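# Results of the structural survey
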Amino acid sequence: MKHDNFLFISCFLFSLIIIHSSIQYSVADTGVISVDSNDVNYDISNGDIESIFLDPDLFELIISMNTQADGTLEITIPRDLLDAKFELSDDMFFILVDGFETDYIESESDLNSRTLVIPFFNGDSVIEIIGTHALNPFISNPEIKIPDWIKNNAGWWSTNLIEDSDFVSGIQYLIKEGIMTIPQTQSGQSTDQDIPSWIKNNAGWWADGLIEDSDFVSGIQYLITNGIMHV
């Protein structure tokens, strides 16, 4: 019951913002901004967009804007640029408007993009859209070389046919010998931390062809930077 009340109140407040904006003001700005070679379409009421840029390290899209009244931003985000996933399913984005968590509506979704409608108040200037996967323009696929047969090992590891220590030592050997190459990654201080389950899941999905080489490599880089693997 409390959950239903929360949804009702959120929808009610969201509706009030839209109604208030449409009655009192009619300022709108529509356009397209290229972010790391991906077109981001937007439509903002009672404001205008100054800039949109991606922070790949924090998996977030940052929008700077000028606002003249309460309004909404409708933004279409290419999945290749930023996405929010839990395992293989779409997950919720985390939205901050001037540092405060804000509810939003996902109006459209397809294989290539997701469209969000985000309310804001007069005077708000920054919207942060935080996901789980982001394009990293500093990692290019030519820097990644992985022999196809490693997918078999990754698949066996994901189903516990290979021990964690055996898989890690095997990857260490391949990288040191130049059989497998990844982007330069700084090693972290040695730790006894367990391998996070998401890395093993990624290995299984990669072995099945469900995610890209770069997604699998990001897990290996995590192991290196957190001192679980040394190369």
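Structure's up top.
Now for a quick tour of the structure.

Calculation rules
Residues numbered from 1 in each chain as written. Predicted model: local features only at pLDDT ≥ 70, side-chain atom pairs only at ≥ 80, totals over all residues. Heavy atoms only, no water. Phe/Tyr/Trp six-rings, centres within 6.5 Å; stacked < 30°, edge-to-face > 60°. Helix = DSSP H or I, 4+ residues; strand = E, 2+ residues; numbered from the N terminus. Buried < 20%, exposed > 50% of the residue type's maximum accessible area, 1.4 Å probe, protein only. Pairing = 2+ DSSP bridges.

### Details of the packing of aromatic side chains
- Using the criterion set out here, one finds three aromatic pairs in the structure.
- With 4.1 Å between their ring centres and 5° between their planes, Trp 157 and Phe 167 make a pair best called stacked. Of this pair, Trp 157 sits in helix 2 (residues 150-158) while Phe 167 sits in helix 3 (residues 164-176); the two residues are 10 residues apart in sequence, bridging distant segments of the chain.
- Assessed through its relative accessible area of 0%, Trp 157 is described here as buried.
- Seen from their ring centres, Trp 198 and Tyr 222 are 5.4 Å apart, and the 70° between their planes marks the pair as edge-to-face. A residue pair is termed long-range when its members are at least 10 positions apart, and Trp 198 in helix 4 (residues 197-207) and Tyr 222 in helix 5 (residues 213-225) qualify at 24 residues.
- A residue is classified by how much of its surface remains accessible, and Trp 198, at 37% relative accessible area, is partly exposed.
- On the basis of relative accessibility, which here comes to 25%, the residue Tyr 222 falls in the partly exposed class.

### A closer look at the pairing of strand 11 (residues 105-109)
- As paired strands, strand 11 and strand 12 (residues 113-120) are joined by four bridges and run antiparallel to one another. Across the sheet, residue Glu 108 finds its bridge partner in strand 12, namely Thr 115.
- Counting the residues between successive antiparallel strands, the hairpin from strand 11 to strand 12 contains three residues.

### Here we look at unusual backbone geometry
- Backbone geometry at Ser 37 places phi at a positive 70°, although glycine is not the residue there.
- Tracing the backbone through its elements, the reader meets Ser 37 in the loop between strand 1 (28-35) and strand 2 (38-45).
- Of note in this structure, Asn 46 is not a glycine but carries a positive phi near 60°.
- As for its position among the elements, Asn 46 is in the loop between strand 2 and strand 3 (47-55).
- Asn 46 sits in the buried class, given a relative accessible area of 1%.

No statement about biological role is implied by the geometric values presented.
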